[in-house]
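# Topology and contacts: notes
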Amino acid sequence: MTVVLPASEIPDGATIKKVKDGVELILRHTIKVHSGIKDVESKLLHSDECFFLVNPRSGDVNTIPITKQLFWTTTKYNIYRMLEDWFEND
């Protein structure tokens, strides 16, 4: 089942497609940048205004606003659970 939802409603790590071009990407709410330099810690990137789209083929990373509409293909069960959570939290 495929639904169109704002990025903020799609789980972290989900495979999504942009509404306009249909390229499969991985939606990440945070991203960890590992340092290749000894004794330099990895950095965790996070924003309240955007999420990250990772292209699994090229490794490219782009940002999108959390309100961006995306295609998410998932199971009916996952949709049911999401709706159940929405109604319980409203």
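So, here's what we can say about the structure. (Residues numbered from 1 in each chain as written. Predicted model: local features only at pLDDT ≥ 70, side-chain atom pairs only at ≥ 80, totals over all residues. Heavy atoms only, no water.)

### Some words on the sheet that holds strand β2 (residues 15–18)
Going by this rule: Criterion used throughout: strands pair if DSSP finds at least two bridges between them. Put simply, DSSP H or I for four residues or longer makes a helix, DSSP E for two residues or longer makes a strand, and each gets a number counted from the N terminus. Only the stretch in contact is used when a helix axis is fitted, and all axes are lines through C-alpha atoms; the angle between N-to-C directions ranges over 0 to 180 degrees.
Taking strand neighbours across the sheet as the criterion, the six strands line up as β1-β8-β2-β3-β6-β7 in an open arrangement whose pairing is antiparallel. Edge strands, defined here as strands with exactly one partner in the open sheet, are β1 (2–6) and β7 (61–65). Within this sheet the neighbouring strands show an average axis-to-axis angle of 45°, counted without direction. Both strand β3 (residues 24–28) and strand β6 (residues 50–54) contribute to a ladder of three bridges, which runs antiparallel. Following the sheet pairing, Ile-26 is matched in β6 by Val-54.

### Focus on the nonpolar core
Operational definition: Remark: nonpolar core denotes a set of buried residues (Ala, Val, Leu, Ile, Met, Phe, Trp, Tyr, Cys) joined through side-chain atoms within 4.5 Å. Here's how the labels work: a residue is buried when its accessible area is under 20% of the maximum for its type, exposed when over 50%, partly exposed in between, all with a 1.4 Å probe on protein chains only.
Among the nonpolar cores identified, the biggest contains 15 residues, and Ile-10, Ile-16, Leu-27, Ile-64, Leu-70 and Trp-72 are the most heavily contacted of them. Looking at this core, the elements that each hand over two or more residues are β1, β3, β6, β8 (69–73) and α1 (76–89).

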